[in-house]
Amino acid sequence: MTRRLRALAALLLAAACLLSAGVGQAQAVGYRYWSFWDRDGGHWTYATQGPSTARPSDGDVQGFRFAVSQDSQDAAEPRGTADFAAVCAKTPAQQGRKRIALVLDFGTKADAPSGETPPAPRTACARVPADATTAEALAAVAGPLRYDTNALLCAIDGYPRKGCGEQVASGKSPKSDTTDTNGAKGEAGEAKKTDEGGPTVGLVAGGAVVVVLAGAAVWQARRRRHA
């Protein structure tokens with residue numbers, strides 16, 4: 001292989017490495033938060049309302065899962081039994097009140113904040129006034145709850161002790177671990193991906209690839225002129 005061909009191969013290899021590095025880093029970002037779910041027949045669906053505005057009916061099953069997720073499409077579902085008859089078997093119906101079956105999944109050790117151990121998953125039957133919201137039902141059986149200033153649910157039954165929707169990269173410690181303030185998007189429990197105003201990793205990598213390939217094109221053009 002001539003020196004010129006080796007130089008071109010090196011340029012193309014550098015471009016491929018930059019592009020793959022950018023993609024890998026972009027996919028590694030997640031957010032640690034409580035997601036909120038509705039039980040629809042035999043499966044879970046990501047809730048379209050937040051717990052403070054949702055008003056479930058008597059006999060509904062709802063779930064909460066603490067995990068690291070990129071967005072609602074990537075969010076982990078609650079685990080365990082999700083059958084209303086089983087969860088509320090020992091809570092009799094009462095006139096003027098409703099019963100809501102709640103599945104509480106505190107997640108795995110891998111998703112837990114540093115120094116914390118998640119409690120075991122459990123279920124609870126909340127018997128609350130007929131017009132109660134999910135948040136009120138949750139507070140009746142799984143307090144203390146903690147919210148941030150944007151009404152994002154941060155803790156159930158005191159877990160986790162601190163943090164709320166913080167960003168986590170590559171499974172490592174979050175970039176920030178503040179209590180009660182973050183860039184999370186409130187009611188539906190889905191963390192907001194913040195934009196700090198700078199270029200994303202993927203955009204920077206893509207720009208570098210363009211520069212490398214442009215250099216290769218100039219080199220080729222010069223080679224033809226001197227051939």
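Structural data are supplied above this passage.
On a predicted model such as this, the values are computed, not experimentally measured, just so you know.

(A) Region of the structure containing the nonpolar core. Residues W34, F64, L102, L104, L138 and I156 are the most contacted members of the largest nonpolar core, which totals 20 residues. Within the residue set of this core, elements represented by two or more residues are β1 (29-40), β3 (61-69), β4 (97-105), β5 (122-129) and α3 (134-142). The next biggest cluster of nonpolar side chains, apart from the first, holds 14 residues, and it includes Y31, W44, Y46 and F84.

(B) Summary view of the state of the cysteines. If you walk through the whole model with that rule in mind, you get 2 disulfides. The disulfide bridge from C88 ends at C125, spanning 2.1 Å between sulfur atoms. Taking the sign of the S-S torsion, about 100° here, the bridge from C88 to C125 comes out right-handed. Of the two residues, C88 sits in the loop between α2 (84-87) and β4 while C125 sits in strand β5, which places them 37 residues apart along the sequence.

(C) Structural view of the pattern of salt bridges. For the structure shown, the criterion picks out 5 salt bridges. When the shortest N-O distance is used, the salt bridge between R32 and E166 registers 3.2 Å. Of this pair, R32 sits in strand β1 while E166 is found in the loop between β7 (153-155) and β8 (167-169), placing the two residues 134 residues apart along the sequence. Comparing R32 with E166, the two get one shared label, buried. Between D105 and R79 there is a salt bridge, with its nearest N and O atoms 2.7 Å apart. With D105 in strand β4 and R79 in the loop between β3 and α2, the pair connects residues that are 26 residues apart, well separated along the chain. Through salt bridges with shared partners, a single ionic network connects R65, R79 and D105.

About the cut-offs
- Residues numbered from 1 in each chain as written.
- Predicted model: local features only at pLDDT ≥ 70, side-chain atom pairs only at ≥ 80, totals over all residues.
- Heavy atoms only, no water.
- Core = buried A, V, L, I, M, F, W, Y, C linked by side-chain atoms within 4.5 Å.
- Buried < 20%, exposed > 50% of the residue type's maximum accessible area, 1.4 Å probe, protein only.
- Helix = DSSP H or I, 4+ residues; strand = E, 2+ residues; numbered from the N terminus.
- Disulfide = S-S within 2.5 Å.
- Salt bridge = Lys/Arg side-chain N within 4 Å of Asp/Glu carboxyl O.

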